[in-house]
Amino acid sequence: MQVVPTERELQALKVLWQLGEATVREICEAINARGDSLAYTTVLSLLQVMEQKGLVGHKASGKLYSYFARASREETMRSLTRGFLDRVFDGAVDEYLVHALEAKRPSADEIRKLEQLIAEAKQKQPSRRKSGKEGSK
């Protein structure tokens, strides 16, 4: 089962997905550069809990630990999106997309990608055949 990270854990994962591998200090500096103010010991504790959950791992080089993400970005985002969609919109993808598009206008590239995803989703849909009297006119 996919472990869903907390908001703070997600911040650390984003740093690790970007850097690949980083020390506690590097993670702390990156999080703080994004607007938070976390102490080194707070980030260390966070990473230790994340390691127990299986979200990150570490490599030791003497006394220096380098952390890396064990959780994949794609799987984590999919899990977070699914949870948000179910919790907030009762699974209604169309309602979510309407609100998302009203909240932030997509760029031309984002619109092209959305169109491509919709086309792919249509291809994956099982064909619906008419049954009974409707199909035999």
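If you're wondering where the values come from, they're calculated on a predicted model, not measured in any experiment. (Residues numbered from 1 in each chain as written. Predicted model: local features only at pLDDT ≥ 70, side-chain atom pairs only at ≥ 80, totals over all residues. Heavy atoms only, no water.)

Here's the deal with the overall build of the chain
- Helix and strand content of the chain: 6 helices and 3 strands.
- For the chain, the sequential pattern of α-helices and β-strands runs α-β-α-α-β-β-α-α-α.
- Computed over C-alpha atoms, the radius of gyration of the chain comes to 21 Å, more than 25% over the 14 Å expected from 2.2 N^0.38 for 137 residues, which places it beyond the range of a compact globule.
- Expressed along its principal axes, the backbone C-alpha trace of the chain runs to roughly 80 × 30 × 25 Å.
- Expressed as a percentage of the 137 residues in the chain, the buried residues total 22%.
- If you take every contact in the chain between residues at least 6 apart in sequence, the share linking residues at least 24 apart comes to 46%.
- When the accessible surface of the chain is split by element, carbon and sulfur atoms take 51% of a total near 10400 Å². (Helix = DSSP H or I, 4+ residues; strand = E, 2+ residues; numbered from the N terminus. Rg over C-alpha atoms; globule rule 2.2 N^0.38 Å. Buried < 20%, exposed > 50% of the residue type's maximum accessible area, 1.4 Å probe, protein only. Contact = heavy atoms within 4.5 Å. Areas by Shrake-Rupley, 256 points an atom, 1.4 Å probe, with all protein chains shown as cover.)

Topic: the environment of Ser79
- Note that Ser79 resides in helix H4 (residues 73-89).
- Sequence-distant contacts of Ser79, defined by excluding residues within four places in its chain, comprise Gln2 and Val4.

Things to note about helix H1 (residues 7-19)
- Helix length check: H1, at 13 residues, gives a terminal C-alpha distance of 19 Å against a target of 18 Å (1.5 Å per residue), a fit within 8%.
- Of the positions making up H1, those classed as buried are Glu9, Leu10, Ala12, Leu13, Val15 and Leu16.
- Buried residues belonging to H1 abut strand E1 (22-23), helix H2 (24-33), helix H3 (40-53), strand E2 (56-61), strand E3 (64-69) and H4.
- One or two steps after H1, the chain reaches Gly20, where phi turns positive at roughly 90°. (Expected span 1.5 Å × (residues − 1).)

Quick word on the pattern of salt bridges
- Going through the model one piece at a time under the given rule, you end up with 6 salt bridges.
- Residue Glu75 is joined to Arg78 by a salt bridge in which the shortest nitrogen-to-oxygen separation is 3.9 Å. Here Glu75 and its partner Arg78 are both found in helix H4, 3 residues apart, which amounts to about one turn of the helix.
- Relative accessible area serves as the criterion here: at 43%, Glu75 is assigned to the partly exposed category. (Salt bridge = Lys/Arg side-chain N within 4 Å of Asp/Glu carboxyl O.)

With respect to the pairing of E3
- Relative to E3, E1 runs antiparallel, the two sharing 2 bridges. Among the inter-strand pairings, Thr23 is bridged to a residue of E3, identified as Ser66.
- Bridge count for E2 against E3 is 6 bridges, and the pairing is antiparallel. In the sheet register, Gly57 faces E3, and the bridge partner there is Phe68.
- Hairpin connection of E2 to E3: 2 residues between the antiparallel strands, including Gly62 at a positive phi of 70°. (Pairing = 2+ DSSP bridges.)

Quick look at the sheet that holds E3
- Across the sheet, 3 strands lie side by side as E1-E3-E2; this open sheet has antiparallel pairing. Looking along the sheet, the strands with just one partner apiece sit at the ends: E1 and E2.
- In this fold H3 packs onto E2 and E3, with an angle of close to 115° to the strand it touches most, E2. (Axes fitted to C-alpha atoms, helices over the stretch in contact; angles between N-to-C directions.)

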